[in-house]
Amino acid sequence: MTNHAGHDHAHHAAPAAHAGHGGHGGHGGHDAHAGHGGAQPGGLSVSEHGYTLELDTTIFTAGVRTIGFRVIGPDGQAVTEFEPEHEKELHFIAVRRDTAGFQHVHPVRDEKGSWSTELVLEPGDWRFFADIHPAGHGGTMTLGIDAAVAGAYDPRPLPEVSRVARIGEYAVTLDGDLLPAAASQLTLTVSRDGEPVTDLEPYLAAYGHLVALRVGDLGYLHVHPEGHPGDGVTAPGPEIAFMAAAPSAGTYRLFLDFQHGGVVRTAEFTVPTTEAAPAAAHGGHDHGGHHAHH
């Protein structure tokens, strides 16, 4: 998980860290997150419920860099016990403030609670997120912290709104609308050279993982996938379905990770929210096909 050359590396989209608990476990500790019902997004605070994200340094030079950090608990000590979420104790997300350079990696921890991972960093202002469930705490949380990368910063404009993301010979089509303060279904359909991909590979206990970030403050949303590999219902593609709720109107960046042919790839989308039509209020899942080509 520490090789980050380009986007064909094994990074992971964090909302899926909690996804399984939405579809098959209850929402115990998710009340603070915008998985359903439009609650406040996570990742806007460096400290929550007495837990604080602490970096070894917040200033870096550009290039492949090792990031060291700890999660400090309510007792002032580094946390050394976590509940695994989607096969990992901690999911780490990095993105530049202009939403470029998205990476989702899985750091390694020593017995003293110090974590380390490698990231590819370009000059600019970055936001780092740690998605965690400390042992003994009631649920998951996402902590966020800013970091600065020295050098000539060349900010990039927000990518245009599009329903299709292309990654080499792969294309991913987004179906459904992101609604403010209401849960809705998003369906992502994967194809390769124009043919549906029907043999997606399980990656961290799901066929796809989705991160959603609010443009402007990078508020981090939890997105819950529908079903899971091996449940006898969920097909390995071409469709991957998620339930999502935006905490407010606005524009969001979506990052889907999926694995095929032993490689994890990331599809990126820029998605504005739309107002729910009256019929959608009691449909929930029926609007996806109606908005496929907006």
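Just so it is clear, the model here is predicted, and its values are computed rather than measured. (Residues numbered from 1 in each chain as written. Predicted model: local features only at pLDDT ≥ 70, side-chain atom pairs only at ≥ 80, totals over all residues. Heavy atoms only, no water.)

K.L.:
Can you walk me through the overall build of the protein chain in this structure?
P.N.:
For the protein chain, the helix and strand inventory stands at 1 helix and 20 strands. Looking at the protein chain as a whole, 51% of its 294 residues are labelled buried. Accessible area for the protein chain stands at about 12000 Å²; split by element, carbon and sulfur atoms hold 51% of it. (Helix = DSSP H or I, 4+ residues; strand = E, 2+ residues; numbered from the N terminus. Buried < 20%, exposed > 50% of the residue type's maximum accessible area, 1.4 Å probe, protein only. Areas by Shrake-Rupley, 256 points an atom, 1.4 Å probe, with all protein chains shown as cover.)

K.L.:
Would you take a moment to explain the environment of V264 for this structure?
P.N.:
Note on placement: V264 falls in strand β20 (residues 263-272). Expressed as a C-alpha distance, the spacing of V264 and G208, which sit 56 residues apart in the sequence, is 9.7 Å.

K.L.:
Any chance you could explain the packing of aromatic side chains here in plain terms?
P.N.:
The description of an aromatic ring pair uses the distance of the two centres, along with the angle that the planes make with each other. Applying the stated criterion across every chain yields a total of 8 aromatic pairs. Relative to F92, the ring of F69 has its centre 4.7 Å away and its plane inclined at 20 degrees; by these criteria the two rings are stacked. Here F69, found in strand β4 (residues 63-72), pairs with F92, found in strand β5 (residues 90-96); they are 23 residues apart in sequence, far enough to count as distant. Exposure class is identical for F69 and F92. Each is buried. Aromatic rings pair up to connect F60, F69, F82, F92, W115 and F128 into one cluster. (Phe/Tyr/Trp six-rings, centres within 6.5 Å; stacked < 30°, edge-to-face > 60°.)

K.L.:
Explanation requested: the environment of P107 in the structure shown.
P.N.:
The topology assignment puts P107 in the loop between β6 (103-105) and β7 (108-109). Looking at P107, the relative accessible area reads 8%, which means it is buried. With 16 residues separating them in the primary sequence, P107 and H91 have C-alpha atoms 7.5 Å apart. Every residue in contact with P107, bar those within four places of it in the chain, is listed here: F69, L90, F92, W115, S116 and T117. (Contact = heavy atoms within 4.5 Å.)

K.L.:
Just to check I follow, could you spell out the nonpolar core for this structure?
P.N.:
One recurring pattern in soluble globular proteins is that nonpolar side chains are buried together. V172, L254, L256, F258 and F269 are the most contacted members of the largest nonpolar core, which has 27 residues in total. At the level of secondary structure, the elements contributing two or more residues to this core comprise β11 (164-167), β12 (170-175), β13 (184-192), β15 (209-214), β18 (239-244), β19 (251-260) and β20. Take this core: its biggest share by element is 4 residues, from β19. Other than its neighbours up to four places away in sequence, L254 contacts L174, L186, L210, V211, A212, A267, E268, F269 and V271. F69, V79, W126 and I145 belong to the second largest nonpolar core, which has 25 residues in total. (Core = buried A, V, L, I, M, F, W, Y, C linked by side-chain atoms within 4.5 Å.)

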